[in-house]
Amino acid sequence: MSNTSDRNEGAAEELGGRIKKGLGQLLGDEQMEAEGRAKELRGKVQKEEAKAEERAKGALEEAAGAIKNRVGKLVDNEQMAAEGKAKELKGENRQKANQ
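These notes cover the structure that comes with them. The structure presented is a predicted model; accordingly, all values stated were derived computationally and were not measured.

### Some words on unusual backbone geometry
Phase 1 of the analysis: For Asp76, which is not a glycine, the phi torsion comes out positive at approximately 60 degrees.
Phase 2 of the analysis: Checked against the element boundaries, Asp76 lands in the loop between helix H2 (30–74) and helix H3 (78–97).
Phase 3 of the analysis: For Asp76, a relative accessible area of 64% corresponds to the exposed category.

Right under this line is the structure:
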């Protein structure tokens, strides 16, 4: 399953849990309320796991880009340095987008 679908599935689970929790509160059904709360928490966890995975991928991408950038500068290869810098920035952006 893709990261986006994991995040979307988590958001849907969280929303479904909120609705069930609210209905349980409205109806005075403690069991339904507790089930809704559990479902909501499962959804939050799923979303956070997906975001953490993307942050880790971003950190690796940033590090690999930084290395390529530095090696490119060291061997005086402007294209390699530019590609490395682009990859480094892409990794940084991936991390920021998943905070």
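Structure shown, so let's carry the discussion forward.
### Quick look at the pattern of salt bridges
Phase 1 of the analysis: In total, this model carries 15 salt bridges according to the counting rule given.
Phase 2 of the analysis: Residue Lys20 is joined to Glu35 by a salt bridge in which the shortest nitrogen-to-oxygen separation is 2.9 Å. Placement of Lys20 in helix H1 (residues 3–27) and of Glu35 in helix H2 is noted, with a sequence separation of 15 residues between them.
Phase 3 of the analysis: Exposure remark for Lys20: the relative accessible area of 29% places this residue in the partly exposed category.
Phase 4 of the analysis: Owing to a relative accessible area of 34%, Glu35 belongs among the partly exposed residues under this scheme.
Phase 5 of the analysis: One salt bridge in this structure joins Glu83 and Lys68, with 3.0 Å as the shortest N-O distance. Linking Glu83 in helix H3 with Lys68 in helix H2, this pair joins segments that are 15 residues apart in sequence.
Phase 6 of the analysis: The exposure class of Glu83 is partly exposed, given its relative accessible area of 36%.
Phase 7 of the analysis: When its relative accessible area of 32% is taken as the criterion, Lys68 is described as partly exposed.
Phase 8 of the analysis: Where salt bridges share partners, they join Glu53, Glu54, Lys57, Glu61, Lys90 and Arg94 into one cluster.

Thresholds applied
- Each chain has its residues counted from 1, running along the sequence as written.
- For this predicted model, a pLDDT threshold of at least 70 governs which residues receive local features, and a threshold of 80 or more governs which side-chain atom pairs are given and counted, while totals over whole chains, interfaces and linings are taken from all residues.
- As a rule here, side-chain values come from all non-hydrogen atoms in the structure, and water together with hydrogens is ignored.
- Every helix listed is a DSSP run of H or I at least four residues long, and every strand listed is a run of E at least two residues long, numbered separately from the N terminus.
- Here's how the labels work: a residue is buried when its accessible area is under 20% of the maximum for its type, exposed when over 50%, partly exposed in between, all with a 1.4 Å probe on protein chains only.
- Within this document, salt bridges are pairs made up of a side-chain nitrogen of Lys or Arg and a carboxyl oxygen of Asp or Glu, the two lying within 4 Å of each other.

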